[in-house]
Amino acid sequence: MDENVCSRLDLSAAIGQTLAQVLKRPELSIECLVPVLIELLPSFFKDRGTRDDAGGSVPRLSSEVRNEIKSVETEVKYAGYLQQQRKAIERLKKAEQRAIPEWFDYRSVSGLSREMQETLVKVRPRTLAHASRIPGVTPAAVSLVNVYIEIQGKRRDQADRVVTR
């Protein structure tokens, strides 16, 4: 980031925030925080060949230091997205373990092609993971089946309650 941009940034509103919180601001890059980081971690910068630029407020960084701090910046700025992805992966893993009930009717799943419905009826996968490994069955189809298992299951539960009354 341009040194002039760093000098124009107003960080007065950041008082009381961690450096990670400040760094999450889209208009800020980690290079703007280098003077603060040098004060906090002088040995990190000294041991890696950082040198002062003649008269500049941001010191010259070796490529090793620049790569390391850019890596930190990426981790901080994208931490929320990465956490969402981890949660999505966990949900997917749980969904893959879901058993497909014997009573499930693939033909009632709107959005599945006739070919896909026929394939699933013929193979009768036992779990969503099994369904996902069938050639030609797309992740979107597996997701639809998962949703329809919920829908059909609730309908069956409601019908059972009506019948038993």
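Residues numbered from 1 in each chain as written. Predicted model: local features only at pLDDT ≥ 70, side-chain atom pairs only at ≥ 80, totals over all residues. Heavy atoms only, no water.

Draft legend 1. Examining the overall build of the chain more closely. Per the secondary structure count, the chain includes nine helices and zero strands. Counting from the amino terminus, the chain carries its helices and strands in the arrangement α-α-α-α-α-α-α-α-α. Within the chain, the fraction of its 165 residues that count as buried is 28%. Put simply, of all contacts in the chain between residues at least 6 apart along the chain, 51% involve residues at least 24 apart. Entry remark: accessible area of the chain is about 11,700 Å², with carbon and sulfur atoms responsible for 52%. (Helix = DSSP H or I, 4+ residues; strand = E, 2+ residues; numbered from the N terminus. Buried < 20%, exposed > 50% of the residue type's maximum accessible area, 1.4 Å probe, protein only. Contact = heavy atoms within 4.5 Å. Areas by Shrake-Rupley, 256 points an atom, 1.4 Å probe, with all protein chains shown as cover.)

Draft legend 2. Geometry of the packing of aromatic side chains. Per the stated rule, a full pass over the model turns up three aromatic pairs. Their ring planes at 40° and their centres at 5.9 Å tell us that Tyr78 and Tyr81 sit as a pair that is tilted. The exposure class assigned to Tyr81 is exposed, which follows from its relative accessible area of 52%. Centre to centre, the rings of Phe104 and Tyr106 are 4.9 Å apart; their planes meet at 85°, and the pair counts as edge-to-face. Summarising the burial analysis for this pair, Phe104 and Tyr106 share the class buried. (Phe/Tyr/Trp six-rings, centres within 6.5 Å; stacked < 30°, edge-to-face > 60°.)

Draft legend 3. Expanded view of the environment of Leu33. Here Leu33 is to be found in the loop between helix 2 (19-23) and helix 3 (34-40). Leu33 sits in the buried class, given a relative accessible area of 4%. As for Leu33 and Val22, which are separated by 11 residues in sequence, their C-alpha atoms are 9.2 Å apart. Those residues in contact with Leu33 that lie beyond four places of it in its chain are Leu11, Leu19, Val22, Leu23 and Leu28.

Draft legend 4. Seen up close, helix 5 (residues 63-77). Taking 1.5 Å per residue as the helical rise, helix 5 with its 15 residues ought to reach 21 Å, and the 21 Å between its terminal C-alpha atoms agrees with that figure. Within the sequence span of helix 5, burial applies to Val65, Ile69, Glu73 and Val76. Angularly, the buried residues of helix 5 cover 70° about the axis, an arc narrow enough to put them on a single face. Structural note: helix 5 exposes Ser63, Asn67 and Glu75 on the side pointing more than 90 degrees away from its buried face. Against helix 2, helix 3, helix 4 (42-46) and helix 6 (79-96) lie the buried residues of helix 5. (Expected span 1.5 Å × (residues − 1). Arc of directions from axis to C-beta.)

Draft legend 5. Up close: the pattern of salt bridges. In the structure shown here, the tally under the stated rule is six salt bridges. Between Glu73 and Lys70 there is a salt bridge, with its nearest N and O atoms 2.7 Å apart. Here the residue Glu73 and the residue Lys70 both occupy positions in helix 5, the gap between them amounting to three residues, near one helical turn. By relative accessible area, which is 32% here, Lys70 ends up partly exposed. (Salt bridge = Lys/Arg side-chain N within 4 Å of Asp/Glu carboxyl O.)

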